[in-house]
Amino acid sequence: MAEVHNAQTPTSQAPAAEQASINDEVATRRKRRQDLIDAGINPYPIASCVTAHAAQLEERYATLADGDSATDTYSVAGRIRAIRKQGKVCFIVLEDKTGTIQLFLRINNVSEENWNLLGYLDLGDILQAEGSVVRTRRGQLSIAVTAFVLLSKSTRPLPEKFHGLADKEIRYRQRYVDLIMNPDVRDVFVKRSRIVSLIRRFMEEQHYLEVETPMMHAILGGANAKPFTTHFNALDCDFYLRIATELPLKRLIVGGMDRVFEIGRQFRNEGMDLTHNPEFTSMEAYCAYSDLAGMKKLTQDMFQRIAREVCGCAEGNEVIDYQGTEVDMRGTWRSLPLADIVSEVVGEPVSMDTDVAHLRKLCDEHEIAWQEDWQAGKLLFELYDELGEQTIVHPTFVCDYPAEVSPLSKRKDDDPRLTDRFELVICGHEYANAFSELNDPVDQAQRFADQVRAKGLGDDEAMGYDYDYVRALEYGMPPCGGIGYGIDRMIMLFCNQASIRDVLLFPQMKPEVITKQDIDKQVGIQQ
């Protein structure tokens, strides 16, 4: 018994002729669809039946000898990836979510109606087939088909298999085709789902309660970012799509829900690059009676758990590869003050005590823009943000952020100019931002007022004054550790992807230009 070794597809066309070739193929497939309907065959039936998948059968019949057959019968379904008819036999490669399996059809083993239906099949059609399991003499596991049903007629050809789907613009815009043509892409999103599920289980094991908070806010808060604005018709006022979940979650801490977390979408009306997308997923978590040390342990334990369960690392050897760089997640991660990192990159000791004029000079030397109202803390942060962060490879908790850039974090006891805050940095990118949360309502009110003042001076990313949040703090919030994680960046790290777009199923893109002629043609073909 022979078998199909490679999918056969039309010879690739020159770019100038490619669209014409596709249009011809679409017309041919549309005609086959109509011919089926005219013959009384529904090319899109309601009912379907799947009793096994390709990988299950490969595992179940791994010991089936070459040339042998089993008596069990199964119904499989999937997309046709190759088809070859040779006289009175036909071979079809069927792909489902777990892999591929070969279908073997012989003219005297199927009905005449089924055999004739083979002439209407194309690559990309979705087919259901029933039969027994056999192993060919060459070792190919197959289904000896006794009956099959066309479940969905594909009226548009898939990309030419040899060249695949490489154009990133098409891949992101037509993710459905990307998933069909590139199994590695599918694997990334399967792994993404596993990671998010694992995070949720991990948090529940730590006795955190998952909650949901509003996605539209009347007051901008919880982060420094530019918002998307929408109009709430029922209330006749403007609202912001949330930029963070922090302030609603901390209200719940005030209310006695001691451990809470939320996994959800945030929206920031800012630029797009390899690590930023305006719509992204984060997880924020808050724990009463905890602090920065508690957030460090939570983070380290969670990342090491993902490395073990998703990346296959052995316990105590949590080392992964990210874009050719070995990332060592073992043991206890180091903590470094922000000023120490800046000192290293500028080649001299700097701190909150460094003269503002000298910090401005350092910024000028490294072509970093600054504003007249910036004090030492903000200047230090800009030097770190532009120069220092990118030098960090292995997991590092960057600590002691200036109060000017940390409006929601508690001040350090030994130096109130600094806050009890860290950012987790790996391979030059931030993955988490944590605070010992500010719970002094008077201090918080003043910091909100400072933010309002900054907004008046032109800082579009400054927060608004949240009167209700200060009122909540006035009732008393216990000491609290809080942290926010960039889930998409975590997926990039553990799935070894260089671009955030490669871990988002539908990244934001400029709308495709569709003309009335395009629509008329599509509708006209369907009539």
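Scroll up a little and you will see the structure.
Bear in mind the structure is a predicted one, so any value in this text is a computation, not a measurement.

Remarks on the packing of aromatic side chains
Item 1. Per the stated rule, a full pass over the model turns up twelve aromatic pairs.
Item 2. Plain terms: the ring middles of Phe303 and Phe494 are 5.7 Å apart, the flat faces sit at 55 degrees to each other, and that makes the pair tilted. In this pair, Phe303 sits in helix α8 (residues 292–309) while Phe494 sits in helix α14 (residues 487–495), placing the two residues 191 residues apart along the sequence.
Item 3. Given a relative accessible area of 0%, Phe303 falls into the buried group.
Item 4. Ring centres of Tyr384 and Tyr401 lie 6.2 Å apart, and the angle between their planes is 85 degrees; on these two criteria the pair is classed as edge-to-face.

Some thoughts on the side chain of Ser154
Item 1. Looking at where Ser154 falls in the secondary structure, it is placed in the loop between β5 (141–152) and α4 (168–173).
Item 2. For Ser154, a relative accessible area of 12% gives the class buried.
Item 3. Side-chain polar atoms of Ser154 contact the backbone oxygen of Arg156, separated by 3.1 Å.
Item 4. Aside from chain neighbours lying at most four places away, what touches Ser154 is Arg29, Leu123, Gly124 and Asp125.

Section: the nonpolar core
Item 1. Ranked by size, the top nonpolar core spans 48 residues in total, and within it Ile199, Phe303 and Met329 carry the most contacts.
Item 2. The contacts of Phe303, once residues within four sequence positions are left out, are Met329, Trp333, Leu424, Ile426, Tyr431, Tyr485, Met490, Leu493 and Phe494.
Item 3. By size, the runner-up hydrophobic cluster in this structure holds 30 residues, among which are Leu57, Leu103, Leu105 and Val110.

Re α14
Item 1. Most of α14 is tucked away: nine of the nine residues are buried.
Item 2. Those residues of α14 that fall on the buried side of the exposure criterion are Ile487, Asp488, Arg489, Met490, Ile491, Met492, Leu493, Phe494 and Cys495.

Points about the packing of helix α7 (residues 246–254) against helix α13 (residues 467–474)
Item 1. Viewed as axis vectors pointing N to C, α7 and α13 meet at an angle of 25 degrees, and their least axial separation amounts to 9 Å. By the angle class used here, α7 and α13 are roughly parallel. The way α7 lies across α13 gives a crossing that is left-handed. Residues Leu247, Lys250, Arg251 and Val254 of α7 lie in contact with α13, whose contacting residues are Asp468, Tyr469 and Ala472.
Item 2. By residue class, the composition of the contact of α7 with α13 is four nonpolar, no polar and three charged.

Basis of the calculations
- Residues numbered from 1 in each chain as written.
- Predicted model: local features only at pLDDT ≥ 70, side-chain atom pairs only at ≥ 80, totals over all residues.
- Heavy atoms only, no water.
- Phe/Tyr/Trp six-rings, centres within 6.5 Å; stacked < 30°, edge-to-face > 60°.
- Helix = DSSP H or I, 4+ residues; strand = E, 2+ residues; numbered from the N terminus.
- Buried < 20%, exposed > 50% of the residue type's maximum accessible area, 1.4 Å probe, protein only.
- Polar contact = N/O pair within 3.5 Å; in protein donor to acceptor, adjacent residues only side chain to side chain.
- Contact = heavy atoms within 4.5 Å.
- Core = buried A, V, L, I, M, F, W, Y, C linked by side-chain atoms within 4.5 Å.
- Axes fitted to C-alpha atoms, helices over the stretch in contact; angles between N-to-C directions.
- Parallel < 35°, antiparallel > 145°, perpendicular 65-115°, else oblique.
- Left-handed = near helix turned anticlockwise from the far one by under 90°.
- Nonpolar A, V, L, I, M, F, W, Y, C, P; charged D, E, K, R; others polar.

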